[in-house]
Amino acid sequence: MTKTRDDLTISEALRDPLIAMVMRADGVKLEDFKQLLETAAVKRAQRPNPVKKFMNIIQSNPAATCSFC
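A quick note: this is a predicted structure, and the numbers were derived from the prediction, not measured.

1. As for the environment of Leu 30
Alright, step 1. Positionally, Leu 30 belongs in helix H3 (residues 30-46).
Alright, step 2. Ignoring sequence-local partners within four residues, the contact set of Leu 30 consists of Leu 14 and Met 23.

Here it is as structure tokens:
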């Protein structure tokens, strides 16, 4: 199987043995870690896309384009 990404999915992180060892050492419960990851994923998905925002600014304001291009 060939991966095209470097980050673990939530389910992969929850099954990762090294992460499990660190969680045990820190006293973190699996369900708490799962909730943390899911909350972070939702917040990340809600963030505006900075590239899209930049492209919208350039399209609506020709003066904002690079003068060196």
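Following the structure, the description resumes.
2. Focus: helix H2 (residues 17-26)
Alright, step 1. Counting buried positions along H2 gives one out of 10 residues, so the element sits mostly on the surface.
Alright, step 2. One or two positions beyond H2, positive phi appears at Gly 27, with a value near 75°.

3. Notes on the side chain of Glu 12
Alright, step 1. Mapped onto the fold, Glu 12 is located in helix H1 (residues 10-15).
Alright, step 2. A distance of 2.8 Å separates a polar atom in the side chain of Glu 12 from the backbone nitrogen of Thr 9.

Cut-off values and rules
- Residues numbered from 1 in each chain as written.
- Predicted model: local features only at pLDDT ≥ 70, side-chain atom pairs only at ≥ 80, totals over all residues.
- Heavy atoms only, no water.
- Helix = DSSP H or I, 4+ residues; strand = E, 2+ residues; numbered from the N terminus.
- Contact = heavy atoms within 4.5 Å.
- Buried < 20%, exposed > 50% of the residue type's maximum accessible area, 1.4 Å probe, protein only.
- Polar contact = N/O pair within 3.5 Å; in protein donor to acceptor, adjacent residues only side chain to side chain.

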